[in-house]
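# Summary of structural features
Residues per chain are reported as follows:
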Amino acid sequence: MSVLHTPVLVEEAIEWLRIRPDGIYVDATTGTGGHTFEIARRLTTGWVVGLDRDPQALAIARERLKEFEKRVVLVHAEFSQIGEVMRGELPGSMKLPLADGVIADLGISSLELDTPERGFSFRWAGPLDMRMNPDNPLTAGEIVNYWPEKELANVLYEKAEERDSHRIARAIVRARPIRDTEHLATVVAGVRKARGRQKLHPATKTFLALRIAVNREEEELGQFLSGTPATISPEGRWIVISYHSLEDRLVKHEFQRLGREGSFQVLTKKVIVPGEEEISRNPRSRSAKMRVAEKIDPAAGQLAEEYA
């Protein structure tokens, strides 16, 4: 098993970031360092800051980025803490100027997905964990085995739009205690209705919902979206890669709001998606959607008005 996560839409992301050798860049979800590596190798006097909540992934990224250690700062932090990291307020961080580019890839890494002990996958028996940050107290096991049926059903529907949420929640409660990920997948598959030509495993949405709930992904994304604009310099680029409709909707609406406000310009009227060649190389990229916005320089606007 390879622990190096294959970065998604990396060529497109690097092109849209317009990297300057002396620029400041942030990879808010550095993982094992795929996008961070591609940014770092294009820098001479600039810096790239990598954030991740998974210490195991950061350790791999640190080794992968060793040749660029004078240009890279890696910080164990949630991506919602980007402002604190840029102000040098967290351990391992340093105060830096506003960023010329920020990228966040919201997907789960191969390291997490392909490690049975982390409990993210239904492909083998693993503990009901699903924590990206092992310091967090809440696990999938607590939700599955102890939350009331109604709350469990709400999680499945609200976090992953699972239409069979009540049926699945009822089956999970009746099957308690759920031993591991394989047991959970079997229980879900036994009651979920098949609709049309079933392409996804019946437990896909259940596992997605639990992962989102355990890692507070919606809350983290909301805080990241509200806090990041203040960390970007005028004419700086902001890239977000999402993988399911709920998170893409949040990104789309926030970019649109910033566009109406006049502080950012949305550069991708249509989302950027992987091509057939990338999907064949990396099937997990197939659901990726990339959106790009650029911070508007107020000074340039004032200058234009003066000469109008």
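None of these values were measured; they are calculated from a predicted model.

## Considering the pattern of salt bridges
Pairs can form between side chains of opposite charge once their charged atoms are near each other. Applying the stated criterion across every chain yields a total of 23 salt bridges. One salt bridge connects D22 with R20, and the closest N-O pair in it is separated by 3.1 Å. Judged by its relative accessible area of 44%, D22 falls in the partly exposed class. R20 sits in the partly exposed class, given a relative accessible area of 38%. In this structure, D114 engages R284 in a salt bridge whose closest nitrogen and oxygen atoms are separated by 2.7 Å. Of this pair, D114 sits in the loop between α5 (110–113) and α6 (140–146) while R284 sits in the loop between α13 (276–281) and β7 (289–295), and the two are 170 residues apart along the sequence. By relative accessible area, which is 15% here, D114 ends up buried. Among the charged side chains, a salt-bridge network with shared partners connects R18, R237 and E294.

## What to know about the layout of surface pockets
It is the rolling of a water-molecule-sized probe over the atoms that shows where space remains empty. Taken as a whole, the largest pocket spans an internal volume of roughly 990 Å³. Forming the boundary of the largest pocket are 28 residues, of which T204, L208, R211, R286 and S287 lie nearest the centre. Among the elements of the structure, α10 (204–214) and α12 (245–261) are those that each provide at least two residues to the lining of the largest pocket. For the lining of the largest pocket, the element with the highest residue contribution is α10, accounting for five residues. Looking at the lining of the largest pocket, its residues break down into eleven nonpolar, nine polar and eight charged.

## Observations regarding the packing of aromatic side chains
This model, assessed by the stated rule, comprises six aromatic pairs. Taken together, a centroid distance of 5.2 Å and an interplanar angle of 70° make the contact between F37 and F68 edge-to-face. In this pair, F37 is assigned in helix α2 (residues 34–40) and F68 in the loop between α3 (55–64) and β3 (72–76), connecting sequence segments 31 residues apart. Positioned above the aromatic ring of W47 is the side chain of R71, whose terminal nitrogen or guanidinium carbon lies 5.0 Å from the ring centre.

Parameters at a glance
Residues numbered from 1 in each chain as written. Predicted model: local features only at pLDDT ≥ 70, side-chain atom pairs only at ≥ 80, totals over all residues. Heavy atoms only, no water. Salt bridge = Lys/Arg side-chain N within 4 Å of Asp/Glu carboxyl O. Buried < 20%, exposed > 50% of the residue type's maximum accessible area, 1.4 Å probe, protein only. Helix = DSSP H or I, 4+ residues; strand = E, 2+ residues; numbered from the N terminus. 1 Å grid on protein atoms, 1.4 Å probe; cavity = no way out; pocket = protein on both sides within 12 Å on 5 of 7 lines; lining within 4 Å. Points joined across faces, edges and corners; volume = space filled by probe spheres on them. Nonpolar A, V, L, I, M, F, W, Y, C, P; charged D, E, K, R; others polar. Phe/Tyr/Trp six-rings, centres within 6.5 Å; stacked < 30°, edge-to-face > 60°. Lys NZ or Arg CZ within 6 Å of the ring centre and 35° of its normal.

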